[in-house]
Amino acid sequence: MLSTAKDWQAVVAHHSGLLKQQYSSVWLGGYSTGANLVTTQALKDPDVAGLLLFSPAFQPRSVAVKYAKLASYFVTWADQDPEDNYLRYNSLPMSGAATYYKTSQIVRAKLEHAQYAKPVFAMMSESDSLIDTNYVMQQFTRVMTNPHSRLILQGESQPTDQRAIHLSMKLSRLRISNGSHMGLLFSPTNPSYGIHGSEIIYNNGQSYRYSSPGKIWFSAFGYQEPGKYHARLTYNPYFKQSMKVLDNVMQSTS
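Residues numbered from 1 in each chain as written. Predicted model: local features only at pLDDT ≥ 70, side-chain atom pairs only at ≥ 80, totals over all residues. Heavy atoms only, no water.

Visitor: Where do I start with the overall build of the protein chain in this structure?
Guide: Counting its secondary structure elements, the protein chain contains six helices and nine strands. Taking 2.2 N^0.38 as the reference for a compact globule, 254 residues should give roughly 18 Å; the C-alpha atoms of the protein chain span a radius of gyration of 18 Å, in line with that estimate. With respect to the principal axes defined by its C-alpha atoms, the protein chain has extents near 50 × 45 × 35 Å. Burial analysis of the protein chain (254 residues in total) assigns 46% to the buried set. Working note: accessible area of the protein chain is about 13400 Å², and carbon and sulfur atoms make up 55% of it. Computing the positive centroid from 23 side-chain charges and the negative centroid from 16, the protein chain places the two 3 Å apart. (Helix = DSSP H or I, 4+ residues; strand = E, 2+ residues; numbered from the N terminus. Rg over C-alpha atoms; globule rule 2.2 N^0.38 Å. Buried < 20%, exposed > 50% of the residue type's maximum accessible area, 1.4 Å probe, protein only. Areas by Shrake-Rupley, 256 points an atom, 1.4 Å probe, with all protein chains shown as cover. Lys, Arg positive; Asp, Glu negative; His and termini not counted. Charge placed at Lys NZ, Arg CZ, Asp CG, Glu CD.)

Visitor: So what exactly am I meant to see when it comes to the packing of helix H1 (residues 5–22) against helix H2 (residues 33–44) here?
Guide: Pairs of packed helices are described in terms of their axes, by the angle between the two and the distance that separates them. Following both chains from N to C, one finds H1 and H2 inclined at 60 degrees, their axes separated by 10 Å at the closest point. Considering their axes alone, H1 and H2 lie oblique with respect to each other. By crossing handedness, the relation of H1 to H2 is classed as right-handed. Residue-level inspection shows Trp-8, Gln-9, Val-12, Ala-13 and Ser-16 of H1 in contact with H2, the latter providing Thr-33, Leu-37, Val-38, Thr-40 and Gln-41. (Axes fitted to C-alpha atoms, helices over the stretch in contact; angles between N-to-C directions. Parallel < 35°, antiparallel > 145°, perpendicular 65-115°, else oblique. Left-handed = near helix turned anticlockwise from the far one by under 90°. Contact = heavy atoms within 4.5 Å.)

Visitor: Would you mind going over the pattern of salt bridges with me for this structure?
Guide: A side chain of one charge can pair with a side chain of the opposite charge when the charged atoms of the two come close. Considering all chains together, one arrives at four salt bridges under this definition. Ionic pairing is found between Asp-161 and Arg-163, a salt bridge with its closest N-O pair at 3.0 Å. Arg-163 carries the same exposure label as Asp-161, and that label is buried. Where Lys-228 meets Glu-225, a salt bridge forms, and the shortest distance between an N and an O atom there is 2.9 Å. With a relative accessible area of 22%, Lys-228 lands in the partly exposed category. (Salt bridge = Lys/Arg side-chain N within 4 Å of Asp/Glu carboxyl O.)

Visitor: Which parts of the structure should I look at to understand the sheet that holds strand S5 (residues 120–125)?
Guide: Strand pairing within a sheet occurs via backbone hydrogen bonds; the two strands may be parallel or antiparallel. Strand order in this open sheet of five strands is S1-S2-S5-S6-S7, and the pairing throughout is parallel. Every interior strand has two partners, whereas the edge strands, strand S1 (26–31) and strand S7 (164–167), have only one. Shown here is a sheet whose adjacent strand axes are inclined to one another by a mean of 15 degrees, direction ignored. Pairing geometry for strand S6 (residues 150–154) and S7, over four bridges, is parallel. When the sheet's bridge partners are listed, Leu-153 is paired in S7 with His-166. Its contacts with the sheet place helix H6 (residues 239–251) against S1, strand S2 (48–54), S5, S6 and S7, and it is angled at close to 155 degrees to S5. (Pairing = 2+ DSSP bridges.)

Visitor: I tried to follow the nonpolar core on my own but got confused; where do I start?
Guide: Nonpolar side chains tend to gather and get buried jointly when the protein is soluble and globular. In this structure, Leu-51, Leu-53, Phe-58, Met-144 and Leu-151 are the most contacted members of the largest nonpolar core, which totals 31 residues. Taken together, the elements giving at least two residues each to this core come down to S1, H2, S2, helix H4 (94–112), S5, helix H5 (133–142) and S6. With residues near it in sequence (within four places) discarded, Phe-58 still touches Ala-35, Asn-36, Thr-39, Leu-53, Ser-104, Val-107, Arg-108, Leu-111, Tyr-135, Val-136 and Met-144. Ala-49, Leu-52, Phe-218 and Ala-231 belong to the second-largest nonpolar core, a separate cluster that totals 24 residues. (Core = buried A, V, L, I, M, F, W, Y, C linked by side-chain atoms within 4.5 Å.)

Visitor: Got a minute to help me understand the side chain of Ser-91 in this structure?
Guide: With respect to the helices and strands, Ser-91 occurs in the loop between strand S3 (77–79) and strand S4 (92–93). Polar contacts involving the side chain of Ser-91 include one to the main-chain amide nitrogen of Asp-81, which spans 2.9 Å. A distance of 2.7 Å separates polar atoms of two side chains, one belonging to Ser-91 and the other to Glu-83. (Polar contact = N/O pair within 3.5 Å; in protein donor to acceptor, adjacent residues only side chain to side chain.)

These figures come from the coordinates and say nothing about function on their own.
In structure tokens:
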């Protein structure tokens, strides 16, 4: 409710500085808004060895987010739901949405005139309902020029960048229709979010809750298809393959 983009940036700068005192090589990794923060830090800190970016939220898909700061003066919550998931907040303060958008403005301003020659591992879902994946791909190609960098795109479009890897997310055997913003981070064997995980996110942009887990399909937030109920996809079906690519990118500096 009270934090600012400067607060978040200060935390990243402080702890990356502490790590550099202990280790000769420090990589920064971030998910969503965190990817904005670590990219901004790496673009101004030449000692950062490389970046690991998951669902980088450089630019929001919705233009409405830019008005969150104004809305925060009148509305406390952008979204408020029961907190029934011990792993994540279900609710979002409007001030938090505004602070996220500020981080996206800052990182876009940095990227506009940048060239980043260090290795980058990035991964995102083409169907991500929150971020502009085309913008991320453009910046990866234009700014992140290291030949060992890799971007994994989960979806059905074939990227033009030769360093990008395309993985289809139409996986009917797993009842997966497309990839989600959060699903990249977790293994299929994760006890909370995996295939047999204890936490099923039914709140997925649909107006009713389905009660038969054996028939649920999984997708990005807001995806709908006639005859199917979609809960949120909370795991990465290509987790092992993705982590092998990540390892290869990090080892490229050896």
